[in-house]
Every structure is written in C-alpha cells, then in structure tokens.
Amino acid sequence: VQLQASGGGLVQAGGSLRLSCAASGRTFSSYAMGWFRQAPGKEREFVAAISWSGGNTYYADSVKGRLTISRDNAKNTVFLQMNSLKPEDTAVYYCAAGPWPLARTILVRYWGQGTQVTVSS
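This is a predicted model, so every value here is computed, not measured.

Enquirer: Could you give an account of unusual backbone geometry, with specific residues and numbers?
Expert: The omega torsion of the bond from Trp 100 to Pro 101 falls at 10°, within 30 degrees of zero and hence cis. You will see that Ser 84, though not glycine, has its phi angle at about 50°, which is positive. Mapped onto the secondary structure, Ser 84 falls in the loop between β8 (77-82) and β9 (91-98). What makes Ser 84 partly exposed here is its relative accessible area of 42%.

Right, here's the structure in full:
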C-alpha cells in the first residue's frame, strides 16, 4: 500500500482544512486508516483512526469534537476534516495504514509522506 497525503496549508485559528490521503493497492479496504502528527521537537502522536469498514472511529482527546475522520473505500481515500483549528494543531500530518485501532505508531504498517498544517494565532 502506498499513501499520498494532501490538503495541508496555512490557516488562521478557528479556520478549517480538509486533508486527503489517497492509497494505492488492492488491500486498502482491509486496513484501518489513521492520521498522526508531529510538531517540531516533539514525538509523532496519534490523531484519529477509522476501521476498515468505516463503522468505528477513534480520536485523541485533544481533537475530539473538532476533527472528523472518514473514508471512501471505492476511491481508496481517507479524509480528515479539521474544524476550529488551534495554533497547537500546527504540525506535519501523516496518514497511516495498519490493524485496528491503529492508535500507536508501533501498529502502523504503512506511512504516507507528511503534509504541513500551520495554524496562525
């Protein structure tokens, strides 16, 4: 599975962005998909995950109620809708694939390249 993330950018606090991650490979629908992020000088951390069917989602406490993960298996794409963004959301965001619940980096089998999200105050 190869993952290609896009949609990052610069936004003011309170604004919104939508990240996309396009996957190639016939096994996409068999994996849970997720997003992690890494801020400068910090470790990569879990953000959100969605099960292979899309029926289950899981979020880090810091993003609950503001970020929403979804997937379209027909298009081999996973999305992260980011609303009410805060400066502390600034990081490089990485999409990932692996077994559910995919909430730790050790569970990730495939990483996409990162996309920068910068939230100005």
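Next comes the rest of the write-up.
Enquirer: Requested: an account of the state of the cysteines, with residues and values cited.
Expert: The final tally for this structure, using the stated rule, is one disulfide. Each disulfide pairs two cysteine sulfurs, and for Cys 21 the partner residue is Cys 95, the sulfurs being separated by 2.2 Å. On the sign convention where negative means left-handed, the S-S torsion of about 55° between Cys 21 and Cys 95 marks this disulfide as right-handed. One end of the pair, Cys 21, is in strand β3 (residues 17-24); the other, Cys 95, is in strand β9, with 74 residues separating them in the sequence. Its relative accessible area of 0% is what places Cys 21 among the buried residues. For Cys 95, a relative accessible area of 0% corresponds to the buried category.

Enquirer: Lay out the pairing of strand β7 (residues 67-72) with the relevant residues and their values.
Expert: By the alternation rule, side chains of β7 split into Leu 67, Ile 69 and Arg 71, which are all buried, and Thr 68, Ser 70 and Asp 72, of which none is buried. Pairing between β7 and β8: six bridges, direction antiparallel. The residue bridging Ile 69 from the neighbouring strand is Leu 80, located in β8. Following β7, the chain reverses through four residues before pairing antiparallel with β8; Asn 76 in that reversal takes a positive phi of roughly 50°.

Enquirer: Please provide a residue-by-residue account of the pattern of salt bridges, values included.
Expert: This structure, assessed with the given rule, holds four salt bridges. The partner of Glu 45 in a salt bridge is Arg 37, and the shortest N-O contact between them spans 2.7 Å. On the basis of relative accessible area, Glu 45 is assigned to the partly exposed category, the value being 36%. Residues Asp 61 and Lys 64 are paired through a salt bridge, measuring 3.1 Å at the closest nitrogen-oxygen approach.

What counts and how
- Residues numbered from 1 in each chain as written.
- Predicted model: local features only at pLDDT ≥ 70, side-chain atom pairs only at ≥ 80, totals over all residues.
- Heavy atoms only, no water.
- Helix = DSSP H or I, 4+ residues; strand = E, 2+ residues; numbered from the N terminus.
- Buried < 20%, exposed > 50% of the residue type's maximum accessible area, 1.4 Å probe, protein only.
- Disulfide = S-S within 2.5 Å.
- Pairing = 2+ DSSP bridges.
- Salt bridge = Lys/Arg side-chain N within 4 Å of Asp/Glu carboxyl O.

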